[in-house]
Amino acid sequence: MRIDILTLFPEMCYAYLRESVIGRARKAGKVQIRCTDIRKYTQDKHRRVDDTPYGGGMGMIMQAQPVFDCFGALCKRLGKTPHLIYLTPQGKQLTQKRVKELARLDNIALLCGHYEGIDERVIEELQPEEISVGDYVLTGGELPALILADAVSRMLPGVLSDDECFEDESHFDSLLEYPQYTRPYEWHGRTVPEILITGHHENIKKWRRRQSLERTAKRRPDMLETAELDKADKEFLKQLK
């Protein structure tokens, strides 16, 4: 899979993309993630990409022309039009379900706004999917783009050591993850649950499932509406009420 990030600050993105799991995955060729500097496509001799908003107001607005030409150049290089996503607080909330869907695509392009946003006309022209990573505002779209790139990349074959690394995690199946423990066995007077040191894998699996159900019911009961629950799950949840 290839992910292209359209940004005014490519080095900000590369600083993260060179490290840890994603950095190793890129080096191994499990995923391609490249950044394109929108500023290179401005027609302004001073490399300006923004201007004051019509109608007045604080801040600056990214101009339509550099964004449009940047995406057009990317499409020309690729020989196709990738699925374009604009990271914006006004978009639909990012979910693990959407992450899994995006991971099935061959190529996505992530458009990062900055300053007070992007001229609405280029959004209307390009018709990107609009995604938000949360109900809060950041200084730019770079961090949301990296969040999305990370979330999608780790779903790809070979990026993580084993599929179970993400299949047992929070939100993968609309449940929160069960509690995790490591050595030492006792810390500050608190011990690891005995079930986890029995070596009985079936009982451990059952315990973890129930812990996930209980946590979700207490912390995010809304998630249970979309979770895949069997008869045993439903009976356990009834006992919690």
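Worth saying up front: this structure is predicted, and the values here are computed from it rather than measured.

Novice: I tried to follow the overall build of the protein chain on my own but got confused; where do I start?
Specialist: The helix and strand tally for the protein chain stands at 9 helices and 9 strands. For a compact globule of 241 residues, the expected C-alpha radius of gyration is about 18 Å, and the protein chain comes in at 22 Å, more than 25% above that figure. Overall, the C-alpha framework of the protein chain stretches about 70 × 40 × 40 Å when taken along its three principal axes. Expressed as a percentage of its 241 residues, the buried residues of the protein chain come to 41%. Considering only intrachain contacts with a sequence separation of at least 6, the fraction spanning at least 24 residues in the protein chain is 70%. Summed over all atoms, the accessible surface of the protein chain reaches about 15,000 Å², with 48% contributed by carbon and sulfur. Side chains of the protein chain carry 37 positive and 38 negative charges; the gap between the two charge centres is 3 Å.

Novice: What is the right way to look at the packing of helix α1 (residues 10–17) against helix α6 (residues 142–153) in this model?
Specialist: Working note: a packed helix pair is described by the angle between its axes plus the distance between those axes. Their axes nearest at 10 Å, the elements α1 and α6 cross at an angle of 35°. Between α1 and α6 lies a crossing whose hand is right-handed. When α1 is examined against α6, the residues M12, C13, Y16 and L17 are found in contact with a partner set consisting of E142, L146 and D150.

Novice: Honestly, the layout of surface pockets in this entry has me stumped. Any pointers?
Specialist: The probe, sized like a water molecule, is rolled over the atoms to show the empty space still left. Taken as a whole, the second largest pocket spans an internal volume of roughly 480 Å³. Taken together, 25 residues line the second largest pocket, and the ones lying closest to its centre are Y86, L87, T88, P89 and G117. Going through the elements one at a time, β5 (83–93), α5 (120–126) and β7 (129–132) are the ones with two or more residues in the lining of the second largest pocket. The class makeup of the residues in the lining of the second largest pocket is 12 nonpolar, 10 polar and 3 charged.

Novice: Explanation requested: the sheet that holds strand β6 (residues 107–112) in the structure shown.
Specialist: Strand pairing in a sheet relies on backbone hydrogen bonds, with the paired strands running either antiparallel or parallel. The 5 strands lie next to each other as β2-β1-β6-β5-β7, forming an open sheet whose pairing is parallel. Edge positions in the sheet fall to β2 (32–37) and β7, since each of these pairs with one other strand and no more. Mean inter-strand twist for the sheet, computed between neighbouring axes without regard to direction, equals 35°. As paired elements, strand β1 (residues 2–7) and β2 share 6 bridges and run parallel to each other.

Novice: Teacher, can you tell me more about the side chain of S212 here?
Specialist: Looking at the secondary structure, you find S212 in helix α8 (residues 201–219). The contact partners of S212, leaving out residues within four places of it in the chain, are L175, L176, E177 and Y178.

Calculation rules
- Residues numbered from 1 in each chain as written.
- Predicted model: local features only at pLDDT ≥ 70, side-chain atom pairs only at ≥ 80, totals over all residues.
- Heavy atoms only, no water.
- Helix = DSSP H or I, 4+ residues; strand = E, 2+ residues; numbered from the N terminus.
- Rg over C-alpha atoms; globule rule 2.2 N^0.38 Å.
- Buried < 20%, exposed > 50% of the residue type's maximum accessible area, 1.4 Å probe, protein only.
- Contact = heavy atoms within 4.5 Å.
- Areas by Shrake-Rupley, 256 points an atom, 1.4 Å probe, with all protein chains shown as cover.
- Lys, Arg positive; Asp, Glu negative; His and termini not counted.
- Charge placed at Lys NZ, Arg CZ, Asp CG, Glu CD.
- Axes fitted to C-alpha atoms, helices over the stretch in contact; angles between N-to-C directions.
- Left-handed = near helix turned anticlockwise from the far one by under 90°.
- 1 Å grid on protein atoms, 1.4 Å probe; cavity = no way out; pocket = protein on both sides within 12 Å on 5 of 7 lines; lining within 4 Å.
- Points joined across faces, edges and corners; volume = space filled by probe spheres on them.
- Nonpolar A, V, L, I, M, F, W, Y, C, P; charged D, E, K, R; others polar.
- Pairing = 2+ DSSP bridges.

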